[in-house]
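Coordinate inspection notes
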Amino acid sequence: MDPVVCDSCGSRFSVKDLTEDHYGALDDQHYYQEFAEELRMLLKVKQFYRRHPEAEGRIRPHFQRVLESDDPEVMESLCAGRPLDEIELPPEELPLALAEDEAEVVEYLRHNGFSLGPRMRFVSEEVARLAGCVRFVACPRCEMGRLHVPPENWDEFSARNEITWFRPHWHSFDSDGALHVRTSGWEGDSHWTGKTTITPDAPDYAFWCWLVAQERFHRLVNVDELPALREEWSRIADRGR
């Protein structure tokens, strides 16, 4: 299923339909929303600790309680390589009586381990940084809606296949005629940048020289576009013979 959705017409798009700029914009949107939600919860935790200072450090995730346990049976299970979530612990004893609206905070602390001060500083900085980067991507079909990645589609969106973009307008020639074209892309969750070098003896050297000379290709060119562009170049070359 294509993971990118228009919030107006409902059209869906694959990751390969996006330019690198649009992918980056959707990526920024996701992390801004994620950090903003985390900051909301951290502020609730801060307020919770102000009301219940005795609770700070007492409510911890299961995995942390397992690793810090000195119970012989727990330690034996750890040494045997048993998965942490399969190791049983006695019920956690909360050091206070909770109000009904504090259950969300307690549940959050039971599933997230962090040091409040440093984590709040980091998340606050990321929210401020990303707030200035967030851009909306217009739907190329209806031109009215905005593209977004629903949370349930994020794994598919981020676990993208290898994608490569060429920047024909960003190129240079060496004195021996070698052509260098700026190249970038994604492989898994990793972004990379570099250049593609085409030497004069390469079979497609003439094609690349034609491509970088065309103003209409002074944009990001997806690697998937190359077969059609090669056919176009072949037709042009045939007419010139």
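The preceding data block contains the structure.
Below is a short write-up of the structure. Just so it is clear, the structure is predicted and the values come from calculations on it, not from any experiment. (Residues numbered from 1 in each chain as written. Predicted model: local features only at pLDDT ≥ 70, side-chain atom pairs only at ≥ 80, totals over all residues. Heavy atoms only, no water.)

**Regarding the sheet that holds strand S3 (residues 147–148)**
- The strand order S2-S1-S3 describes an open sheet built from 3 strands, whose pairing is antiparallel. One side of each edge strand has no neighbouring strand; the edge strands of this open sheet are strand S2 (12–13) and S3.
- For strand S1 (residues 4–6) and S3, the ladder comprises 2 bridges, and the chain directions are antiparallel. By the bridge assignment for S3, Val5 is matched with His148. (Pairing = 2+ DSSP bridges. Helix = DSSP H or I, 4+ residues; strand = E, 2+ residues; numbered from the N terminus.)

**What to know about the pattern of salt bridges**
- The final tally for this structure, using the stated rule, is 12 salt bridges.
- Put simply, Arg135 and Asp21 hold a salt bridge, and the shortest N to O gap is 3.1 Å. Of the two residues, Arg135 is situated in the loop between helix H5 (116–131) and S3 and Asp21 in helix H1 (residues 20–51); the sequence distance between them amounts to 114 residues.
- A salt bridge links Arg40 to Glu37; the shortest N-O distance between them is 2.7 Å. Remark: Glu37 and Arg40 occur in helix H1; sequence separation between them is 3 residues, near one turn of the helix.
- Judged by its relative accessible area of 33%, Arg40 is partly exposed. (Salt bridge = Lys/Arg side-chain N within 4 Å of Asp/Glu carboxyl O. Buried < 20%, exposed > 50% of the residue type's maximum accessible area, 1.4 Å probe, protein only.)

**Things to note about a negative patch on the surface**
- Taken together, Asp70, Asp71, Glu73 and Glu76 make up a surface patch of like negative charges.
- Among the secondary structure elements, Glu76 is positioned in helix H3 (residues 72–79). (Patch = residues over 30% accessible without salt bridge, like charges linked within 9 Å, V, L, I, M, F, W, Y side chains within 5 Å. Areas by Shrake-Rupley, 256 points an atom, 1.4 Å probe, with all protein chains shown as cover. Lys, Arg positive; Asp, Glu negative; His and termini not counted. Charge placed at Lys NZ, Arg CZ, Asp CG, Glu CD.)

**Here's the deal with the packing of H1 against H5**
- For the pair H1 and H5, interaxial distance at closest approach is 9 Å and the crossing angle is 145 degrees. As for the relative orientation of H1 and H5, their crossing is left-handed in sense. Where H1 abuts H5, its residues Asp28, Tyr31, Tyr32, Phe35, Ala36, Glu38, Leu39, Leu42, Leu43, Val45, Lys46 and Tyr49 lie against Leu116, Arg119, Met120, Phe122, Val123, Ser124, Glu126, Val127, Leu130 and Ala131.
- Class assignment of the residues belonging to the contact of H1 with H5 gives a composition of 16 nonpolar, 1 polar and 5 charged. (Axes fitted to C-alpha atoms, helices over the stretch in contact; angles between N-to-C directions. Left-handed = near helix turned anticlockwise from the far one by under 90°. Contact = heavy atoms within 4.5 Å. Nonpolar A, V, L, I, M, F, W, Y, C, P; charged D, E, K, R; others polar.)

**Topic: the pairing of strand S4 (residues 163–173)**
- Pairing of S4 with strand S5 (residues 179–187) involves 8 bridges; the strand directions are antiparallel. Across the sheet, Thr164 pairs through a bridge with Gly185, a residue of S5.
- What sits between the antiparallel neighbours S4 and S5 is a turn of 5 residues, in which Gly177 has the positive phi angle 95 degrees.
- Of the pairings in the sheet, the one linking S4 to strand S7 (residues 221–222) comprises 2 bridges and is antiparallel in character.

**Quick notes on the environment of Gln64**
- Secondary-structure assignment places Gln64 in helix H2 (residues 62–68).
- Distance in space between the C-alpha atoms of Gln64 and Arg110 is 9.5 Å, their sequence separation being 46 residues.

**Section: the packing of aromatic side chains**
- Under the defined criterion, the tally for this structure stands at 11 aromatic pairs.
- The interplanar angle of 80 degrees and the centroid separation of 5.8 Å between the aromatic rings of Phe35 and Phe122 together place this pair among those described as edge-to-face. Of this pair, Phe35 sits in helix H1 while Phe122 is found in helix H5, placing the two residues 87 residues apart along the sequence.
- Owing to a relative accessible area of 11%, Phe35 belongs among the buried residues under this scheme.
- According to the relative accessible area criterion, Phe122 is partly exposed, its value standing at 36%.
- Where Tyr108 meets Phe114, the ring centres are 6.0 Å apart and the plane angle is 50 degrees; that geometry is what we call tilted.
- Note on Tyr108: relative accessible area 15%, which makes it buried.
- Members of the aromatic cluster, each reached through a chain of ring pairs, are Phe166, Phe207, Trp208, Trp210, Phe217 and Trp233. (Phe/Tyr/Trp six-rings, centres within 6.5 Å; stacked < 30°, edge-to-face > 60°.)

**Here we look at the side chain of Ser184**
- Checked against the element boundaries, Ser184 lands in strand S5.
- The buried category is assigned to Ser184, whose relative accessible area is 1%.
- Those residues in contact with Ser184, other than ones at most four positions away along the chain, are Glu20, Ile163, Thr164, Trp165, Arg167, His191, Trp192 and Thr193.

**Considerations on the environment of Val137**
- Locating Val137 in the fold gives a position in the loop between H5 and S3.
- Residues Val137 and Val127, 10 residues apart in the sequence, show an inter-C-alpha distance of 20 Å.
- Dropping the residues within four chain positions of it, Val137 is found in contact with His22, Ala25, Leu26, Gln29, Gly145, Arg146 and Leu147.

**Concerning the environment of Lys44**
- Looking at where Lys44 falls in the secondary structure, it is placed in helix H1.
- Looking at Lys44, the relative accessible area reads 28%, which means it is partly exposed.
- In this structure the C-alpha to C-alpha distance between Lys44 and Val105, which are 61 residues apart in sequence, comes to 6.8 Å.
- In contact with Lys44, other than residues within four places in its own chain, are Glu104 and Val105.

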